[in-house]
Amino acid sequence: MAYNYGETVGFPEADTDTPAVDAGRLAGLFCQLNRREFTGLAQVETADKYSVFAFRQGKPVYVEESSAGASIGDLLLARGLLTREQYADVVGHMTESLVESEDLVFCEQVVALGYLSAEQVRTEMSERVRGKLIQAMGMVGCRVELDESEEALSGMGDY
């Protein structure tokens, strides 16, 4: 299902009880996805950005953006959770084949090599998703496509 958000939400009018302050904003749509316990992908496009939000039972579990931002590896290095040597070791263990998410593969390797615990990685990934969600809440005039197929989340892990 695809639509231009801000003009229509794509849900029946009777089900749009989101407060008027969210009218036309992505926050209103995400509130509706939460209430409907949506599982799948919400692909959001604006004039300058493309983002994919993965949801499981209405909860956002992963965000990937087209804009060039710091990778999770760069952030772990900057926060002092990894040394440069550990960072290089993790990158050396990453597969060179195409992957759905470089961040998730990086995190899997960090845990597999014992540099961080799964709980530490979950916390860092959760904060990363939270930050990207906060940035997205004010987006208006987006084109949104929802994909509820079972295959939509294949390869999309979550911490």
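Residues numbered from 1 in each chain as written. Predicted model: local features only at pLDDT ≥ 70, side-chain atom pairs only at ≥ 80, totals over all residues. Heavy atoms only, no water.

A. Highlighting the pattern of salt bridges. Applying the stated criterion across every chain yields a total of four salt bridges. Among the salt bridges present, the one from Glu 124 reaches Arg 79, with a minimum N-O distance of 2.9 Å. Of the two residues, Glu 124 sits in helix α5 (residues 118–136) while Arg 79 sits in the loop between α2 (72–78) and α3 (84–93), which places them 45 residues apart along the sequence. You can call Arg 79 exposed: its relative accessible area is 55%. (Salt bridge = Lys/Arg side-chain N within 4 Å of Asp/Glu carboxyl O. Helix = DSSP H or I, 4+ residues; strand = E, 2+ residues; numbered from the N terminus. Buried < 20%, exposed > 50% of the residue type's maximum accessible area, 1.4 Å probe, protein only.)

B. Quick peek at the packing of helix α4 (residues 102–112) against α5. It is at 9 Å that the axes of α4 and α5 come closest, and there the two elements cross at 155 degrees. The orientation of α4 relative to α5 falls into the category roughly antiparallel. The two elements α4 and α5 meet at a crossing, and its hand is right-handed. Each of Asp 103, Leu 104, Cys 107, Val 110 and Val 111 in α4 lies in contact with α5, whose residues at this interface are Ala 118, Val 121, Met 125 and Arg 128. Residues of the contact of α4 with α5, tallied by class, amount to seven nonpolar, no polar and two charged. (Axes fitted to C-alpha atoms, helices over the stretch in contact; angles between N-to-C directions. Parallel < 35°, antiparallel > 145°, perpendicular 65-115°, else oblique. Left-handed = near helix turned anticlockwise from the far one by under 90°. Contact = heavy atoms within 4.5 Å. Nonpolar A, V, L, I, M, F, W, Y, C, P; charged D, E, K, R; others polar.)

C. Layout of α5. Compared with the 27 Å implied by 1.5 Å per residue over 19 residues, the 27 Å span of α5 between its first and last C-alpha is a close match. Taken residue by residue, α5 has Val 121, Glu 124, Met 125, Arg 128, Val 129, Lys 132, Leu 133 and Ala 136 as its buried positions. Packing partners of the buried residues in α5 comprise α1 (26–35), β3 (50–56), β4 (59–65), α2 and α4. (Expected span 1.5 Å × (residues − 1).)

D. Highlighting the packing of α3 against α4. One can describe the packing of α3 onto α4 by two numbers: an axis separation of 9 Å at closest approach and a directional angle of 115 degrees. The angle between α3 and α4 falls in the class roughly perpendicular. Once α3 is placed against α4, the crossing between them reads as right-handed. Contacts from Tyr 87, Val 90, Val 91 and His 93 in α3 reach Phe 106, Gln 109 and Val 110 in α4.

E. Inspection of the environment of Cys 31 at higher detail. By the element assignment, Cys 31 lies in helix α1. In this structure Cys 31 comes out as partly exposed when scored by relative accessible area, which is 35%. Distance in space between the C-alpha atoms of Cys 31 and Gly 58 is 8.4 Å, their sequence separation being 27 residues.

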